[in-house]
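# A closer look at the structure
If you want the building blocks of each chain, they are given just below.
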Amino acid sequence: MTIPEKYPENMPWDLTIDQGKYNSIQWILSKADIAYTFTRSRIDDNYVYIQKNDGKRKAYKEYEARFTYQRLFDEGYSLAAFS
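Read on for a plain summary of the structure. Treat the numbers as computed from the prediction; the structure is a model and nothing was measured.

Definitions and limits used
Residues numbered from 1 in each chain as written. Predicted model: local features only at pLDDT ≥ 70, side-chain atom pairs only at ≥ 80, totals over all residues. Heavy atoms only, no water. Helix = DSSP H or I, 4+ residues; strand = E, 2+ residues; numbered from the N terminus. Buried < 20%, exposed > 50% of the residue type's maximum accessible area, 1.4 Å probe, protein only. Pairing = 2+ DSSP bridges.

Take the environment of Asp54 next. Turning to its location among the elements, Asp54 is positioned in the loop between strand 3 (47–52) and strand 4 (58–61). The exposed category is assigned to Asp54, whose relative accessible area is 78%. In sequence terms Asp54 and Ile34 are 20 residues apart; their C-alpha atoms lie 9.7 Å from each other.

This is the structure:
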């Protein structure tokens, strides 16, 4: 029997800050030598870009990015934000 995941709330990109600064912020979850970078799309707020280490940046629906972020955080990844 599987337990349904609860919808992740209170993501870092949910904060209300100046829109100009908001689009340039990157949230990085890191653990050992692996880092995932999350950046909200400047074109469409419904998408968040996720990039693993130096790999290719890929756009995900905002709700998919929420679940990915939460799963990584639950696995022990630490958060850092850069603008």
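What follows concerns the pairing of strand 3. In this structure, strand 2 (residues 34–40) lies alongside strand 3, joined through five bridges in antiparallel fashion. Among the inter-strand pairings, Thr37 is bridged to a residue of strand 3, identified as Gln51. Where strand 2 hands over to strand 3, the hairpin turn is made up of six residues, counted between the paired strands. Bridging between strand 3 and strand 4 involves four bridges; their strand directions are antiparallel. Note on strand 4: the bridge partner recorded for Val48 is Tyr60.

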